[in-house]
Amino acid sequence: MANLTNLSVNTSIYDGYDLDTTFSSIRKCGFKYFELAYNQGYIGNLHQGLFSVDNANTINALKVKYGLDTNALGCTMDLSVDGFVDIFIPRIYFASLIGAKYINVCTTKLENKFKMINNLRLLRPILEETGCILCLENGGDYNFNAFITIEEGLYLINELGDDIYSINFDPGNMVTYKKDLDVLSQSFTALDYSGYFHIKDVKISDNKFEFISIGDDGLIKYKDILLKLKDKGIPSSLEIPLKIYRELDSMPKKYDKEVPLSLIEDTLIKSKKYIESL
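Thresholds, definitions, all that
Residues numbered from 1 in each chain as written. Predicted model: local features only at pLDDT ≥ 70, side-chain atom pairs only at ≥ 80, totals over all residues. Heavy atoms only, no water. Salt bridge = Lys/Arg side-chain N within 4 Å of Asp/Glu carboxyl O. Helix = DSSP H or I, 4+ residues; strand = E, 2+ residues; numbered from the N terminus. Buried < 20%, exposed > 50% of the residue type's maximum accessible area, 1.4 Å probe, protein only. Pairing = 2+ DSSP bridges. Axes fitted to C-alpha atoms, helices over the stretch in contact; angles between N-to-C directions. Left-handed = near helix turned anticlockwise from the far one by under 90°. Contact = heavy atoms within 4.5 Å. Nonpolar A, V, L, I, M, F, W, Y, C, P; charged D, E, K, R; others polar. UniProt positions renumbered as here; feature names shortened; annotations may be inferred. Core = buried A, V, L, I, M, F, W, Y, C linked by side-chain atoms within 4.5 Å. Patch = residues over 30% accessible without salt bridge, like charges linked within 9 Å, V, L, I, M, F, W, Y side chains within 5 Å. Areas by Shrake-Rupley, 256 points an atom, 1.4 Å probe, with all protein chains shown as cover. Disulfide = S-S within 2.5 Å.

As recorded in an unreviewed UniProt entry, the protein chain goes by the name Xylose isomerase, listed as coming from Rodentibacter trehalosifermentans.

Draft legend 1. Quick peek at the pattern of salt bridges. A complete count under the given rule lists 17 salt bridges for this structure. With a shortest N-O distance of 3.1 Å, E265 and K28 are connected by a salt bridge. A residue pair is termed long-range when its members are at least 10 positions apart, and E265 in helix α10 (residues 261–277) and K28 in helix α1 (residues 19–28) qualify at 237 residues. For K28, a relative accessible area of 62% gives the class exposed. Put simply, K270 and D217 hold a salt bridge, and the shortest N to O gap is 3.6 Å.

Draft legend 2. Summary view of the sheet that holds strand β9 (residues 208–212). Spatial strand order, β8-β9-β11-β12: four strands in an open sheet with antiparallel pairing. In this open sheet, the two edge strands, each paired with only one partner strand, are β8 (201–205) and β12 (252–254). Going across the sheet, the axis of each strand differs from the next one's by a mean of 35 degrees, ignoring polarity.

Draft legend 3. Just the packing of α1 against helix α2 (residues 53–66), in detail. The geometry of α1 relative to α2 is characterised by a closest axis approach of 10 Å and an angle of 35 degrees between their N-to-C directions. The two elements α1 and α2 meet at a crossing, and its hand is right-handed. Every residue of α2 that contacts α1 at L19, D20, F23, S24 and R27 is listed here: I59, L62, K63, K65 and Y66. Broken down by class, the residue content of the contact of α1 with α2 amounts to five nonpolar, one polar and four charged.

Draft legend 4. Expanded view of the UniProt feature "domain: Xylose isomerase-like TIM barrel" (unreviewed entry) in the protein chain. Annotation from UniProt places "domain: Xylose isomerase-like TIM barrel" (unreviewed entry) at residues 26–241. Secondary structure content for residues 26–241 is 39% helix and 20% strand, and the end C-alpha separation is 14 Å.

Draft legend 5. Highlighting the nonpolar core. Counting residues in each nonpolar core, the largest one holds 85 residues, and the members touching the most others are F88, L120, L123, L134, L136 and I199. If sequence neighbours within four positions are ignored, L123 has contacts with F84, F88, I89, I92, L134 and Y165.

Draft legend 6. The environment of S213, seen in detail. As for its placement among the helices and strands, S213 is situated in the loop between β9 and α9 (223–232). With a relative accessible area of 13%, S213 lands in the buried category. Taking the C-alpha atoms as reference points, S213 and K200, 13 residues apart in sequence, are found 7.9 Å from one another. Among residues more than four places away in sequence, those in contact with S213 are I240, T267, K270 and S271.

Draft legend 7. View of a nonpolar patch on the surface. Taken together, I204, L219 and L248 make up a surface patch of nonpolar side chains, about 240 Å² in accessible area. Within the fold, L248 resides in the loop between β11 (244–247) and β12.

Draft legend 8. Here's a closer look at the sheet that holds strand β1 (residues 8–10). Pairing is parallel in the closed barrel, where eight strands are placed in the order β1-β2-β3-β4-β5-β6-β7-β10. Ignoring which end each strand starts from, the neighbouring axes of this sheet average 30 degrees apart. Pairing of β1 with strand β2 (residues 33–37), which is carried by three bridges, proceeds in the parallel orientation. Within the sheet, the bridge partner assigned to V9 lies in β2 and is F34. Contacting β5 (133–137) and β6 (165–169), helix α6 (residues 150–160) runs over the sheet at an angle of about 160 degrees to β6.

Draft legend 9. Local environment of the state of the cysteines. All chains considered together, the criterion is met by zero disulfides. Counting only cysteine sulfurs, C132 is the nearest neighbor of C75, a cysteine outside any disulfide, at a range of 9.5 Å. Sulfur of C135: no disulfide; nearest cysteine sulfur belongs to C132 and is 10 Å away. Judged by relative accessible area, C135 falls into the buried class, the value being 0%.

Structure below.
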C-alpha cells in the first residue's frame, strides 16, 4: 500500500545517540518525518533545558540539513505533578517552534486521574494560542494506568474537550499492560477518535516483553489496523524503543548498552517494507 500519512520515526529507538547521527540515520532508512522523543523514562539525560529556543533552533537546523520534517513531539511525564503548568508550558512552545502540531503524552496513575484532569484544563489557553493538539496515550505500565482502555481515554477527552485534546493510541502499550484485552477491537474503535497513532509491537522472550519490528512476528496482527489507519489519514510513528523491555507485570526496564545502529536501521527498514507491502 502507499505510505501512511506522514509516517514518522519516534527517536526513542536511538536512545544514547546524538541528534545528528539520529537524523542522518532516519533519512538513510528512507523516512522523511520524525517524532522527537523527550519522554520520561525512555531517554537518558531528560531535562527542562531541552525545551528551549536554542534547542529548537538546533532541531530546525538539523531538519534542513537532512531534509526531514516533524509533526509530533513525545514528552511523556506524570501529568498530575505539582507545578505541572510551569513545567509543561515550555514543552508546548517548544513543539510549536519545531513545527510539531501533536504533543503525545501518557497520563498518570489511576489514583491521580482527577488531579491530572484539572492540570490539563489549565493548558487550554496555551494550546489554543499555539494551535497544538495534546494527545493522551494509553499507558503501557502501571505508572500511567489512568488510561488503559479506549473507553477510559474517551472519558478523559470528553472531560477536556476534543477540539484541542485528542488520543494517541498505542496497541503495543495495551498488550504489555493488559494482554487479555481485545487489542484489535480497541484499536479499531480508537481509530475513530485518534489524532495520532503509535505503531508498536512486542513479543514475549525470556519471560519479558521485547519490542520488535512491525511484521508478522509479534503479538499484534497489524494488517487490518494499518489498512484502516491509512484510510483514516491519521499521522503515525513507528515507536520501537529497542533499549527498553518490560517485565511480564509491565514494569519497564532498560538495557545498559546502546543498541547497535545496524540493528536500529534494520528494524526500521524491515518495518517500513512490511507496511508498504500491504
